[in-house]
Amino acid sequence: METSNELQFHKMGLDDRIIKAIAKLGWENPTAIQEKAIPLLLEGKGVLMRGRTGSGKTGAFAIPVIQKVLLSNATNGKKGTRAMILAPSKELCNQIFSNIKELTCKCSDEVSCVDISAPVDLSVQKPLLVDQPNIIVATPSRAVLHLEAHNLSVKNTLEMLIIDEADLMFSVGHENVVDKVLSHLPKVYQAVLASATLTEDVVSLKKSVLRHAVILKLEEPNLAPLTQLTHFYVNAEEEEKAVILYTLLKLSLLTGKSIIFVNTVDRCYKLKLFLEQFGISTCVLNSELPAASRCHSVSQFNDDVYKIIIASDEKALEEDFGQSVNKTGKRKRDKESGVARGIDFQFVSNVVNFDFPLDAFSYVHRAGRTARGTNKGIVLSFVSVREQYQKADVEDYLKECLREDCDIFQKFKFSLQEVDGFRYRAKDAWKAVTRIAVREARLKEIKQEILNSKKLKRYFDENPRDFQTLRHDKALHTVKLQDHLTDVPDYIVPPSLKNIVSIVNDSKKKPEKVKFKTGRNKAFNKYVAKKKNPLLSMEFSGLESIEDNANA
């Protein structure tokens, strides 16, 4: 996220309460898009802003919205919907709502905000709209339902319309619904379109929403620079991918929080059941789960309740679930669910492409989950023989995007011969996850969510702390678990790593901890002290080179 020191928040003429909330969030300087967009929006101009994922677009429109609501309320009274924010997914709506609540923490009695994106009965949300909240956050379809039911009226009060992730609106089929929303709005209002890309659909939407708008297109690549985001690849086939991932996780060569991407929902559960056999706790995030469950999963991941989340990509979801339920017997995916984009995964250290993305745009969207703000990150991609051409296409795109002539992908050196003990275990565990086990796991989790939503909803509403303790990384147990697999015996640790890591296995068969040994090697002690990610440092780029570097 690029920052600028030319224009500070306190020099933008913002309300002191907003400045205090920004300081509380730890935002020292505005990002490049915030520095340019906030003054324009405060002047009342319509803006089409384009910025890569993590560039600070949400803050760029949320801050002016709150400022203008404060000014309007001081003149016209506290009641009245002044701004409507539309986003393509429930998760993104929840994220925007949370950001606004954080930015209004010092003026919450003056600025009211409601998120109506949840797919509940309209009568449940109707009381929230009776007092005409100042800011409405919704998906277009939910906004239309409330507008047509006359639960929400904005003809005489609306001053601002914000459409976030405008390019995604069309991929989830919201284009016609957006037109219905526009028919309920006043003739004059200030509009903002925020988008990661400027597609033909976005340009078409711009003509419908914006008049005499300022187009704010930052000259920045879609991804963080190579100095901030490192791209690794390893050539591996199906079972080899499982061996490598298992080894990396058990030996803590992947440190920090990780998102593992696969191309289908079935693959999510296959990978979860595979890692479950080794006591590696993970959570699955996909569009079949209810919105509340997905948001809760992301929230717990962001709060460090668990470190690994497995997600399926949008295109694959469309291929799997885009057909009619009656013809295929499969449940349709939730079109308002966003995984690869839109969700704000915080402080992600690693993105692992267990299945290589289907195209360059999917790769960029996945990789954009890490290296956000000033944080560094890595993308580790497993590439099979059939995926080599996809990797070449992605690399060509990234070279053009990042304006780099060097090789984007760095080879991750991994010698399978050194991890024979891990390989035999991993192959057996991978084969143990059958199609029947995957199907049962999916059904079991869906049934669990139905049980929670119907029988425990009222209880959790009254006991929110108990809801926070609900775990989404719980074991599914559709594959027979063997206690000894959670341990890592010393004899299967590669010789090149024995002088670096020591495995501590708990007697109660809990997942083991890996401790790094500190010896006389000053370079290695410096690495431990700084707690760097082994994959971020070329000193530890793989099992083949660890021993040489440790003894250097």
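Definitions and limits used
Residues numbered from 1 in each chain as written. Predicted model: local features only at pLDDT ≥ 70, side-chain atom pairs only at ≥ 80, totals over all residues. Heavy atoms only, no water. Phe/Tyr/Trp six-rings, centres within 6.5 Å; stacked < 30°, edge-to-face > 60°. Helix = DSSP H or I, 4+ residues; strand = E, 2+ residues; numbered from the N terminus. Buried < 20%, exposed > 50% of the residue type's maximum accessible area, 1.4 Å probe, protein only. Lys NZ or Arg CZ within 6 Å of the ring centre and 35° of its normal. Pairing = 2+ DSSP bridges. pLDDT = per-residue confidence, 0-100. Contact = heavy atoms within 4.5 Å. Axes fitted to C-alpha atoms, helices over the stretch in contact; angles between N-to-C directions. Salt bridge = Lys/Arg side-chain N within 4 Å of Asp/Glu carboxyl O.

(A) The packing of aromatic side chains, seen in detail. Using the criterion set out here, one finds 13 aromatic pairs in the structure. On the basis of an interplanar angle of 70° and a centroid distance of 6.3 Å, the ring pair of F232 and F412 is categorised as edge-to-face. Separated by 180 residues along the polypeptide, F232 in strand 8 (residues 229–235) and F412 in the loop between strand 14 (409–411) and helix 17 (420–432) bring together distant segments of the chain. The two residues F232 and F412 agree in class, both being buried. Three or more aromatic residues joined by ring pairs form one cluster here, namely Y246, F274, F278, F354, F382, F422 and W430. Its end group placed over the ring of F301, K257 keeps NZ or CZ at 4.8 Å from the ring centre.

(B) Structural context of the pairing of strand 2 (residues 83–86). Taking every second residue as pointing to the same face, both faces of strand 2 are buried, with A83 and I85 on one and M84 and L86 on the other. Summarising the sheet, strand 2 and strand 4 (residues 135–138) pair through four bridges and their orientation is parallel. Residue pairing for strand 4: I85 is matched across the bridge by V137. As paired strands, strand 2 and strand 5 (residues 160–163) are joined by four bridges and run parallel to one another. Within strand 5, the residue paired with M84 across the bridge is L161.

(C) Region of the structure containing unusual backbone geometry. Of note, the phi angle at H150 is positive, near 60°, even though the residue is not glycine. Within the secondary structure, H150 is located in the loop between helix 6 (140–148) and strand 5. With a phi angle near 55°, S252 is a residue other than glycine that sits in the positive phi range. Counting through the fold element by element, S252 comes out in the loop between helix 10 (238–250) and strand 9 (257–262).

(D) Representation of the confidence of the model for the protein chain in the model. With 76% of its residues at a pLDDT of 70 or more, the protein chain has an overall mean of 80. Throughout residues 315–332 the model reports pLDDT below 50, and contacts reaching past four residues in sequence, or to other chains, amount to 32 contacts. Counting contacts from residues 506–513, a segment whose pLDDT is below 50, to residues more than four positions away or on other chains yields 15 contacts.

(E) Summary view of the sheet that holds strand 11 (residues 308–312). If you trace the seven strands from one edge of the open sheet to the other, you get 10-11-9-12-13-8-14, paired in parallel fashion. In the strand order of this sheet, the two ends are held by strand 10 (283–285) and strand 14, each with one partner. Averaged over all pairs of adjacent strands, the angle between strand axes in this sheet comes to 25°, irrespective of strand direction. Bridge analysis of strand 9 against strand 11 gives five bridges, and the strand direction is parallel.

(F) Representation of the pattern of salt bridges. Summed over all chains, the structure comprises 12 salt bridges. A salt bridge links E110 to K78; its shortest N-O distance comes to 3.7 Å. With E110 in the loop between helix 4 (90–103) and strand 3 (113–115) and K78 in the loop between helix 3 (57–76) and strand 2, this residue pair connects regions lying 32 residues apart in the sequence. Its relative accessible area of 24% is what places E110 among the partly exposed residues. Since its relative accessible area comes to 46%, K78 is described here as partly exposed. Close ionic contact of D355 with R267 constitutes a salt bridge, the shortest N to O distance being 2.5 Å. Here R267 lies in helix 11 (residues 265–276) and D355 lies in the loop between strand 12 (348–353) and helix 15 (360–367), a separation of 88 residues in the sequence. Side by side, D355 and R267 carry an identical accessibility label, which is buried.

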